[in-house]
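Each chain, written out:
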Amino acid sequence: MSIDLSLYLVTDPVLCGERGVVDVVREAVAGGVGIVQLRDKTATDAQIVDQLIELSDVIDARAALVVNDRLDAALEARARGARVDGVHLGQSDTSVERARELLGPDAIIGLTANTAAHLDAVRALPPGTVDHLGVGVIRPTDTKPDHPAPLGIEGFRAFAELSELPCVAIGGVGIDDVEALRDAGAAGIAVVSALCAADDPRTEARAFRRRWRGAASVPRVLSIAGSDPSGGAGIQADLKSIGANGGYGMAAITALTVQNTQGVRAVHVPPADFLRAQLDALSVDIDIDAVKIGMLADAAVIRTVTAWLDDARPPIVIVDPVMVATSGDRLLEEDAEHALRDLLRRADLVTPNLLELAVLADTVIADSWPAAIADAERLSADIGVAVLIKGGHLGGDQSPDAFVDATTATVQQFPGTRIDTDATHGTGCSLSSALATQRALGKEWPQAVIAAREWLRESLRAGAELQVGRGHGPIDHFAGSRARGGIDTSPTRDEVVTQWWEHISAIRADIDELPFVRALADGTLDRGAFTHYLAQDALYLSGYARVLADAARLAPTAKEQAFWANSAHGSIVGELELHAQWLTPDEGVSDGTFSATPSPTTTAYLDHLRSSAYGGDYAQLIAALLPCFWLYTDLGLRLGEGHFGDFARSMTHPYASWLRTYADESFAEATQQAIEYVASAAAASDGEGRMRMLRAFEASARHELAFFAEPLRHESCVSALSRSSAAPEAKMV
Ligand SMILES: Nc1ncnc2c1ncn2[C@@H]1O[C@H](COP(=O)(O)OP(=O)(O)OP(=O)(O)O)[C@@H](O)[C@H]1O
Ligand SMILES: Cc1ncc(CO)c(N)n1
Ligand SMILES: [Mg+2]
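Since this is a predicted model, take the numbers as computed values, not measurements.

Things to note about the overall build of the protein chain
Looking only at helices and strands, one finds 29 helices and 19 strands in the protein chain. Of all 733 residues assigned to the protein chain, the portion counted as buried reaches 55%. A separation of at least 24 residues holds for 69% of the contacts in the protein chain among residues at least 6 apart in sequence. For the protein chain, the exposed area adds up to about 30600 Å²; of that, 52% sits on carbon and sulfur atoms.

Next comes the structure, spelled out in structure tokens:
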């Protein structure tokens, strides 16, 4: 067997405490420990032999098993049928040559070493005598009272560079040392107290493995679901969603459907044992970061998955309780619905649509969104698990979702305008696997929901263009990554302009759909909301002008310096004059000074701009300043062109003169100039600098969206938010 030294458990009977060494080893191996060393300085040889036999049974070849010092006990345990892979010897223990002779060429033999003299001694041995070195201690530790002076990370690095053999770092290693030691050349990390004294050794072992893989590692996400050969739903959709959201996708197939965009023609359910075999093959081999469960077909499949979850205990489990396809065809036998409940209790999140919610909450289909949330609260309380209730089947022009967790009394709403499309086949499958991936990337639930929904909405918008099938077509899972493709390949100035505009297309579309923008265009916008907006805009512009002045300060040429200084002047004078014209004293203005206080949205936007200026990175700063120019000019232009209806161009529109300023020609010219400066800076920058610019640009675009959304949210604060979501990406409409 090829051994994985990356996470090496050394047992300590005292630290394992009452639950015992065997229990800790069982859990740690389930969490991904690749090699276990039984170390017990006080036990007799006979006791060691018994423990090795028991551990060999528990480990069941999923990890290597070695014993500290006791060569004779290893041989005796082997003679009694235990699988003992080798020994770990100290400098003063039995000779490694003798151990190799007695244990044979395939045994694993480790040796403690920490000085140049130790390395010389190893070099003098016949090749193949020692497999790896245990090098330490790294930090002072109580588990080895007689330890030598700690090496520290740098001492370890120096030693590992000299060594021809793989070096495992041992002694006082904590989880925060993992990456540094890996980068210092460690073949693995050996831990004692970090796992033996952990509350939950399995979870802790997983955390170590994840750190070893690196913070930027791609999460491994498993879909347990049915096959949809048309590729829009089921495992095919899941794999695309996982990939598009940045994960590595795996799939264990519960059922095969004969399906296209028009409907399901037949279902074939392979034997449940075969599914279990698929699942076991994965969990014994791969660290699974998250599981998404979809179509389960019948009760036998449900029970199989439930039993596997109990054994494998994956860290994140999302169940999409699929019962009926978009086409209306059943995907779960009716009598299996009660078995499902048992499975749901093992999930971290359940994502029913309105019909599934009604079945699970044992009630009629909710006829309003508040009724659906109330049902979801009851379901969540009943199963003790968070519920994401999906509003795709709600009538009307909205498609909201809500995250409901009765155990923490949380109801968090995710409003969203319904996208006008027939391409909705597999939205539920796609959302749940995107969520599993986002969560496995480390986001908390609300952030994971925001990210998954944003991706889903972008994919929904692009779905119709795929023109797949005659029925409900699929969403375009890769619409976003396709649009963003090439951003990292040194684009020209013109390419930057096209790519960045495309990059914020979803945000732009969301702005267009905002009730505030719609009402502003058709003249129905309530005067209170309008003046609230203007007061915030005025506050914003005075802050914006100061940041524009920062851009002038940092500009590399006199021409650019003049441009930003001029813009600062324009922003403060022109706009404030305009607002003075619209805002009466009781609306926050008197004698040209504003008494209104900035809303959290305004503050957040200005903070983002100021922090972009603070770093002194001119390119990043002007990227952050650009959306205010670009989005307003674009909106003004389209209002003027009748994109939002003809009334927006009419002189009788209540806000006609205000609307026209945004279509102002000199403002459009300034915008063009700003775009050119930013695009030139981006094209001249390296990949990383361009990424920083794009992120600053995108963040500002999001702040613009939040800014436009705020006046009406402020007016009708309907969402019962238990956690504040002042973050602009919350996109509260
Ligand atoms: N036309 C739409 N516009 C915007 N969002 C939508 C639309 N249709 C569905 N959604 C969103 O898609 C997700 C899936 O919701 P839905 O209620 O359709 O689930 P589902 O019925 O389980 O889907 P499926 O039919 O794929 O099983 C939710 O986030 C929902 O808000
Ligand atoms: C295989 C499969 N799973 C789930 C759904 C739900 O959309 C579907 N249509 N097909
Ligand atoms: Mg569904």
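Some remarks on the pattern of salt bridges
Under the criterion given, the structure shown has 40 salt bridges. R378 serves as the salt-bridge partner of D375, at 3.1 Å between the closest nitrogen and oxygen. Pair noted here: D375 and R378 are both in helix α16 (residues 369-383), with a separation of three residues, about one helical turn. Residue classification places D375 among the buried residues on the basis of a relative accessible area of 9%.

Notes on the nonpolar core
Within soluble globular proteins, side chains that are nonpolar tend to cluster in buried spots. With 71 residues, the main nonpolar core has W564 and W658 as its most contacted residues. Top contributing element to this core by residue count: helix α26 (residues 618-640), with 15 residues. Core analysis: the second largest hydrophobic core is formed by 62 residues, I48, L119, V173 and A205 among them.

Considering the environment of I175
Position of I175 relative to the elements: it lies in the loop between β7 (167-170) and α8 (178-183). Linking I175 and A205, residues 30 residues apart in sequence, is a C-alpha distance of 9.6 Å.

Some details on the site of ligand 2
Close to ligand 2 lie G226, S227, A233, G234, T257, Q259, M295, V322, A325, L331, H425 and C429. One nitrogen or oxygen atom from the side chain of Q259 is found 2.8 Å from a nitrogen atom belonging to ligand 2. Considered on its own, ligand 2 offers 290 Å² of accessible surface; in the complex 95% of this is hidden by protein. Contributing elements (two or more residues each) for the shell around ligand 2: β9 (220-227) and β10 (248-260). Split into classes, the residues belonging to the shell around ligand 2 amount to six nonpolar, six polar and no charged.

A look at unusual backbone geometry
In this structure, V137 follows G136 across a cis peptide bond, with omega equal to 5 degrees. Tracing the chain through its elements places V137 in the loop between β6 (132-136) and α7 (152-162). The backbone of R313 sits at a positive phi, close to 40 degrees, despite the residue not being glycine. Checked against the element boundaries, R313 lands in the loop between α13 (299-312) and β13 (317-319).

Topic: the sheet that holds β9
Overall, mixed pairing links the nine strands, which are arranged β11-β10-β9-β12-β13-β14-β15-β16-β17 in an open sheet. In the strand order of this sheet, the two ends are held by β11 (263-268) and β17 (410-414), each with one partner. The pairing of strand β14 (residues 349-350) with strand β15 (residues 386-390) spans two bridges and is classified as parallel. Its bridge partner being in β15, V350 is matched across the sheet by V387. In this fold helix α12 (residues 272-283) packs onto β9 and β10, with an angle of close to 160 degrees to the strand it touches most, β10.

Considerations on the packing of α12 against α13
Look at α12 against α13: their axes get within 9 Å of each other, and the N-to-C directions meet at 20 degrees. Regarding the angle of α12 to α13, the classification is roughly parallel. Viewed along their axes, α12 and α13 form a crossing whose handedness is right-handed. Each of A272, L275, R276, L279, D280 and S283 in α12 lies in contact with α13, whose residues at this interface are A300, V301, T304, V305, A307, W308, D311 and A312.

Here we look at the confidence of the model for the protein chain
Looking at the protein chain, pLDDT values average 89 and 93% of them are 70 or higher. A low-confidence stretch, residues 715-733 stays under pLDDT 50, and its non-local contacts, those more than four residues away or across chains, total 36 contacts. Both scores are available for the predicted complex, with the pTM at 0.63 and the ipTM at 0.92.

What to know about helix α25 (residues 600-614)
Its 15 residues place the ends of α25 20 Å apart at the C-alpha level, agreeing with the 21 Å of an ideal helix rising 1.5 Å per residue. Considered for burial, the residues of α25 that qualify are T601, T602, Y605, L606, H608, L609, S612 and A613. Viewed end-on, α25 has its buried residues packed into an arc of 150 degrees, placing them on one side of the element. Exposed and oriented more than 90 degrees from the buried face of α25 are P600 and Y614. Of the residues one or two after α25, G616 is the one with positive phi, at around 75 degrees.

Quick look at the pairing of strand β12 (residues 290-293)
Taking every second residue as pointing to the same face, both faces of β12 are buried, with A290 and K292 on one and V291 and I293 on the other. With four bridges joining them, β9 and β12 adopt parallel strand pairing. Following the sheet pairing, S223 is matched in β12 by K292. Bridging between β12 and β13 involves three bridges; their strand directions are parallel. Counterpart to V291 in the pairing with β13 is V317. Each parallel crossover has a hand, and the one from β12 via α13 to β13 is right-handed.

Quick notes on helix α22 (residues 515-522)
Residues F516, V517, A519, L520 and A521 constitute the buried set of α22. Positioned one or two residues after α22, G523 has a phi angle of 80 degrees, which is positive.

Remarks on the packing of aromatic side chains
Under the definition given, this model contains 20 aromatic pairs. Their ring planes at 70 degrees and their centres at 5.8 Å tell us that Y533 and F707 sit as a pair that is edge-to-face. You can see Y533 sitting in helix α23 (residues 527-554) and its partner F707 sitting in helix α29 (residues 687-715), a full 174 residues away along the chain. By relative accessible area, which is 1% here, Y533 ends up buried. Seen in terms of ring centroids, W564 and Y677 are 6.4 Å apart; in terms of plane orientation they differ by 45 degrees. Their pairing is tilted. Pair noted here: W564 is in helix α24 (residues 558-582) and Y677 is in helix α28 (residues 665-684), with a separation of 113 residues, a long-range link.

Focus on the sheet that holds β6
Consider a sheet: its strands pair through backbone hydrogen bonds, and that pairing is either parallel or antiparallel. The strand order β1-β2-β3-β4-β5-β6-β7-β8 describes a closed barrel built from eight strands, whose pairing is parallel. Across the sheet, the mean angle from the axis of one strand to that of its neighbour is 25 degrees, orientation sign disregarded. Pairing of strand β4 (residues 86-89) with strand β5 (residues 108-113), which is carried by four bridges, proceeds in the parallel orientation. Across the sheet, G86 pairs through a bridge with I108, a residue of β5. Docked against the sheet, helix α3 (residues 45-59) engages β2 (35-38) and β3 (64-68), running at close to 165 degrees with respect to β3.

Some words on the side chain of T633
Relative to the helices and strands, T633 resides in helix α26. Among all residues touching T633, those that are not within four sequence positions of it are Y662, F667, A668 and T671.

Each value, and the rule that gives it
- Residues numbered from 1 in each chain as written.
- Chains lettered and ligands numbered in written order.
- Predicted model: local features only at pLDDT ≥ 70, side-chain atom pairs only at ≥ 80, totals over all residues.
- Heavy atoms only, no water.
- Helix = DSSP H or I, 4+ residues; strand = E, 2+ residues; numbered from the N terminus.
- Buried < 20%, exposed > 50% of the residue type's maximum accessible area, 1.4 Å probe, protein only.
- Contact = heavy atoms within 4.5 Å.
- Areas by Shrake-Rupley, 256 points an atom, 1.4 Å probe, with all protein chains shown as cover.
- Salt bridge = Lys/Arg side-chain N within 4 Å of Asp/Glu carboxyl O.
- Core = buried A, V, L, I, M, F, W, Y, C linked by side-chain atoms within 4.5 Å.
- Near = heavy atom within 4 Å.
- Polar contact = N/O pair within 3.5 Å; in protein donor to acceptor, adjacent residues only side chain to side chain.
- Nonpolar A, V, L, I, M, F, W, Y, C, P; charged D, E, K, R; others polar.
- Pairing = 2+ DSSP bridges.
- Axes fitted to C-alpha atoms, helices over the stretch in contact; angles between N-to-C directions.
- Parallel < 35°, antiparallel > 145°, perpendicular 65-115°, else oblique.
- Left-handed = near helix turned anticlockwise from the far one by under 90°.
- pLDDT = per-residue confidence, 0-100.
- Expected span 1.5 Å × (residues − 1).
- Arc of directions from axis to C-beta.
- Right-handed = clockwise from strand over helix to strand, strands pointing away.
- Phe/Tyr/Trp six-rings, centres within 6.5 Å; stacked < 30°, edge-to-face > 60°.

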